Amino acid sequence: MHRFVRPQLMLRDSKQPLLLSTAGQLCTKHKSVVSSVRGYVVLPPTDDEEEKAMLHRMMRVDHAGEYGANRIYAGQMAVLGRTQTSPLIQEMWDQEKQHLSKFNEILAENRVRPTLLLPLWNIAGFALGAGSALLGKEGAMACTVAVEESISEHYNSQIRTLMEKDPEKYTELLQLIKEFRDDEMEHHDTGLEHDAESVPGYQLMKAIIQAGCKAAIYVSERL
């Protein structure tokens, strides 16, 4: 059985509690800890137009990816919402909603233009989620594995870029991306644990979905 090998590029997990700026409360790291990142200045201020453009591309494509993931889970729930698989899909979807909410904040606070292709990702994401779910639980999980693996690899690419440029300057952004990457890998592993590879034509299905993800990443950065 094929297993996706986690990339070795990792940032050290912080064991210290995070301070919530809105409530003044401390909380330990949890899979839903995304809300704790709210108090950070995620994008460092810069007067360098090239650096600014790089950061805006990153946030634009990350927002698009999380938006698409939300639509995929919405499509899966539309088909499997009354089955035993529903709570599992809902749990993963809830995390994706938190990711999208954070990127919505970042885009608004930094005046980053979202991709012009959001209407397309709205339709395509829902169609992919619903279509995969029509194959049953295994089809939905296979879709999850393919998409989350692609997103995780993309996040790791961003981590490498920021680490090479200035890890100290981008500490908060690196923390955010790493946290979201870990959530995506958790979803990936969940899909494998719930029989993703048993769906007929799994390898072909995975390859097609991941090719679409790569194309979506490429155009979302630029449009």
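Since the model is a prediction, treat every value here as computed from it, not as a measurement.

## Looking at helix α2 (residues 86–110)
So, step 1. Across its 25 residues, α2 extends 36 Å between first and last C-alpha, which sits within 8% of the 36 Å expected from 1.5 Å per residue.
So, step 2. Positioned one or two residues after α2, Arg 111 has a phi angle of 55°, which is positive.

## So, the confidence of the model for the chain
So, step 1. Summing up the model confidence of the chain, the mean pLDDT is 86 and the portion of residues at 70 or higher is 82%.
So, step 2. Every residue in residues 1–40 scores below 50 in pLDDT, and together they form 69 contacts with partners more than four places removed in sequence or on other chains.

## Comments concerning the pattern of salt bridges
So, step 1. Within the structure shown, the criterion is met by 7 salt bridges.
So, step 2. For Asp 195, the salt bridge goes to Lys 137, with nearest N and O atoms at 3.1 Å. In this pair, Asp 195 sits in the loop between α5 (171–193) and α6 (202–222) while Lys 137 sits in helix α4 (residues 137–165), placing the two residues 58 residues apart along the sequence.
So, step 3. Residue Asp 195 is classed as partly exposed on the basis of its relative accessible area, which comes to 37%.
So, step 4. The class of Lys 137 is partly exposed, set by a relative accessible area of 23%.
So, step 5. Among the charged side chains, a salt-bridge network with shared partners connects Lys 178, Arg 181 and Asp 182.

## A short note on the layout of surface pockets
So, step 1. Its boundaries defined by the atoms lining it, the largest pocket holds a volume of some 440 Å³.
So, step 2. Looking at the lining of the largest pocket, the elements that each hand over two or more residues are α1 (49–80), α3 (118–133), α4 and α6.
So, step 3. Of the residues in the lining of the largest pocket, the class split is 15 nonpolar, 6 polar and 2 charged.

## A few points about the nonpolar core
Side chains that are nonpolar tend, in soluble globular proteins, to be buried together.
So, step 1. Met 59, Leu 162 and Leu 173 are the most contacted members of the largest nonpolar core, which totals 45 residues.
So, step 2. For this core, the secondary structure elements donating two or more residues are α1, α2, α4, α5 and α6.
So, step 3. Here this core takes 11 residues from α4, the largest share from any one element.
So, step 4. Discounting chain neighbours no more than four positions away, the residues touching Leu 162 are Met 54, Leu 55, Met 58, Pro 167, Tyr 170, Leu 173, Leu 174 and Ile 177.
So, step 5. Core analysis: the second largest hydrophobic core is formed by 5 residues, Leu 117, Leu 118, Trp 121 and Ala 216 among them.

## Observations concerning the packing of α1 against α2
So, step 1. The geometry of α1 relative to α2 is characterised by a closest axis approach of 9 Å and an angle of 150° between their N-to-C directions. With respect to α2, the element α1 is oriented roughly antiparallel. Judged by the twist between their axes, the crossing of α1 over α2 is left-handed.
So, step 2. Taken together, the residues that form the contact of α1 with α2 break down as 14 nonpolar, 9 polar and 4 charged.

## Examining the packing of aromatic side chains
So, step 1. Going through the model one piece at a time under the given rule, you end up with 1 aromatic pair.
So, step 2. Across the ring face of Trp 93, the terminal group of Lys 97 is positioned such that the distance to the ring centre comes to 4.1 Å.
So, step 3. Above the plane of the ring of Tyr 218 lies Arg 222, whose end atom (NZ or CZ) is 3.8 Å from the centre.

## As for the packing of α4 against α6
So, step 1. Taken N-terminus to C-terminus, the directions of α4 and α6 make an angle of 40°; their axes are 9 Å apart at the nearest point. The pairing of α4 with α6 is recorded here as oblique in orientation. As for the relative orientation of α4 and α6, their crossing is right-handed in sense. Note on element contacts: α6 touches α4 through Tyr 202, Met 205, Lys 206, Ile 209, Gln 210, Cys 213, Ile 217 and Glu 221, opposite Gly 139, Ala 142, Cys 143, Val 145, Ala 146, Val 147, Glu 149, Ser 150 and His 154.
So, step 2. Tallied by class, residues from the contact of α4 with α6 come to 10 nonpolar, 4 polar and 3 charged.

## Some points on the environment of Glu 193
So, step 1. As for its position among the elements, Glu 193 is in helix α5.
So, step 2. On the basis of relative accessibility, which here comes to 53%, the residue Glu 193 falls in the exposed class.

## Concerning α1
So, step 1. Spanning 32 residues, α1 covers 46 Å between terminal C-alpha atoms, matching the ideal 46 Å at 1.5 Å per step.
So, step 2. With a side-chain oxygen lying 2.8 Å from the backbone nitrogen of Glu 50, the N-terminal cap of α1 falls on Asp 48.

Reading the values: rules and limits
- Residues numbered from 1 in each chain as written.
- Predicted model: local features only at pLDDT ≥ 70, side-chain atom pairs only at ≥ 80, totals over all residues.
- Heavy atoms only, no water.
- Helix = DSSP H or I, 4+ residues; strand = E, 2+ residues; numbered from the N terminus.
- Expected span 1.5 Å × (residues − 1).
- pLDDT = per-residue confidence, 0-100.
- Contact = heavy atoms within 4.5 Å.
- Salt bridge = Lys/Arg side-chain N within 4 Å of Asp/Glu carboxyl O.
- Buried < 20%, exposed > 50% of the residue type's maximum accessible area, 1.4 Å probe, protein only.
- 1 Å grid on protein atoms, 1.4 Å probe; cavity = no way out; pocket = protein on both sides within 12 Å on 5 of 7 lines; lining within 4 Å.
- Points joined across faces, edges and corners; volume = space filled by probe spheres on them.
- Nonpolar A, V, L, I, M, F, W, Y, C, P; charged D, E, K, R; others polar.
- Core = buried A, V, L, I, M, F, W, Y, C linked by side-chain atoms within 4.5 Å.
- Axes fitted to C-alpha atoms, helices over the stretch in contact; angles between N-to-C directions.
- Parallel < 35°, antiparallel > 145°, perpendicular 65-115°, else oblique.
- Left-handed = near helix turned anticlockwise from the far one by under 90°.
- Phe/Tyr/Trp six-rings, centres within 6.5 Å; stacked < 30°, edge-to-face > 60°.
- Lys NZ or Arg CZ within 6 Å of the ring centre and 35° of its normal.
- Polar contact = N/O pair within 3.5 Å; in protein donor to acceptor, adjacent residues only side chain to side chain.

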